[in-house]
Amino acid sequence: MDLRAVLSVLETEYGPVGWWPLPSRAGTEGRNANGYRNGPSLPIGRLSKDKAARFEIAAGAVLAQNTAWRGASAAVATLARNGLLDPQAMLACPQEQLSELIAQAGTYRRKALYLKTLSANWEALDKSGTREELLALSGIGPETADCILCYAWAESNFVADAYARRIVSRMGFVPDSFGYEATRAWAEKALPKDPNYLAEAHALLVEHAKRSCTAKPRCDHCVVSSSCGLCNKMVTGPSLM
Ligand code: SF4
């Protein structure tokens, strides 16, 4: 089974995952109580008139760094309630106040600085910014950049976050030594160059990492265990060859 086949099994098992969640729109038409789409993940895209959603995705990607989505989501919702999910409003907001409002996302002083930098550059970036330009900003690393590229701008970038890397290395698709960029490059070759596909693919891998391929894997519950290198190694034991 290759990665596409694995994703197909996960899709059948978990159904559409509906990323990127927009906490500001939780419970509105087409979105559930946590802001996820009722349906497959669907990037917004630069051609969409929904500029607000693109900025919310970018801000959410920054706030989600090194923390659980629950805290980041609460911070995004707080920003929305205070009218700050807008680059100009965010720039005008005093640094200290912004830090306090996003406290639930953790490392909030640093993240407030990152959000200010993102806001100051957002208008130009949102029109035609590249991955390199995103990475040049303080506080934007490869994972945050790829989240923005894939989910906000509908570019064919795979988000090779820790969840995705854990699964593809355990399954034996890539060596354990592969870091972010090597895994991303591998996945982008292995999967269709289609932002809709890549958005749902990443969301499905995160879902699988939370349900079965957890830090201590629950292989007995796993729907793709028959194709997994790690699981088969555990069943058969180490090779004597
Ligand atoms: S069999 Fe275990 S290690 Fe392999 S993908 Fe499933 S949960 Fe992860």
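Residues numbered from 1 in each chain as written. Predicted model: local features only at pLDDT ≥ 70, side-chain atom pairs only at ≥ 80, totals over all residues. Heavy atoms only, no water.

Student: Quick question: what am I supposed to make of the environment of Cys231 here?
Tutor: Relative to the assigned elements, Cys231 resides in helix 12 (residues 229-236). Residue Cys231 is classed as buried on the basis of its relative accessible area, which comes to 11%. Considered as a pair, Cys231 and Ala5 are 226 residues apart in the sequence and their alpha carbons are 17 Å apart. If near-sequence neighbours (up to four positions away) are discounted, Cys231 is found in contact with Cys219 and Ser225. (Helix = DSSP H or I, 4+ residues; strand = E, 2+ residues; numbered from the N terminus. Buried < 20%, exposed > 50% of the residue type's maximum accessible area, 1.4 Å probe, protein only. Contact = heavy atoms within 4.5 Å.)

Student: I would appreciate a short explanation of the state of the cysteines in the present structure.
Tutor: Working definition: the covalent bond between the sulfur atoms of two cysteines is a disulfide. Tallied over the full model, the rule gives zero disulfides. Of the cysteine sulfurs around Cys150, a residue in no disulfide, the closest is that of Cys147, at 7.9 Å. On the basis of relative accessible area, Cys150 is assigned to the buried category, the value being 1%. (Disulfide = S-S within 2.5 Å.)

Student: What is the right way to look at the pattern of salt bridges in this model?
Tutor: Two side chains of opposite charge can pair, provided their charged atoms sit close to one another. Following the criterion strictly, the structure yields 11 salt bridges and no others. With its nearest N and O atoms 2.8 Å apart, the salt bridge here joins Arg131 to Asp146. Taken together, the positions of Arg131 in helix 7 (residues 131-135) and Asp146 in helix 8 (residues 142-152) put the pair 15 residues apart, joining distant regions of the chain. The exposure class of Asp146 is buried, given its relative accessible area of 0%. Close ionic contact of Arg211 with Glu207 constitutes a salt bridge, the shortest N to O distance being 2.9 Å. You can see Arg211 and its partner Glu207 sitting in helix 11 (residues 195-211), four residues apart, about one turn around the helix. (Salt bridge = Lys/Arg side-chain N within 4 Å of Asp/Glu carboxyl O.)

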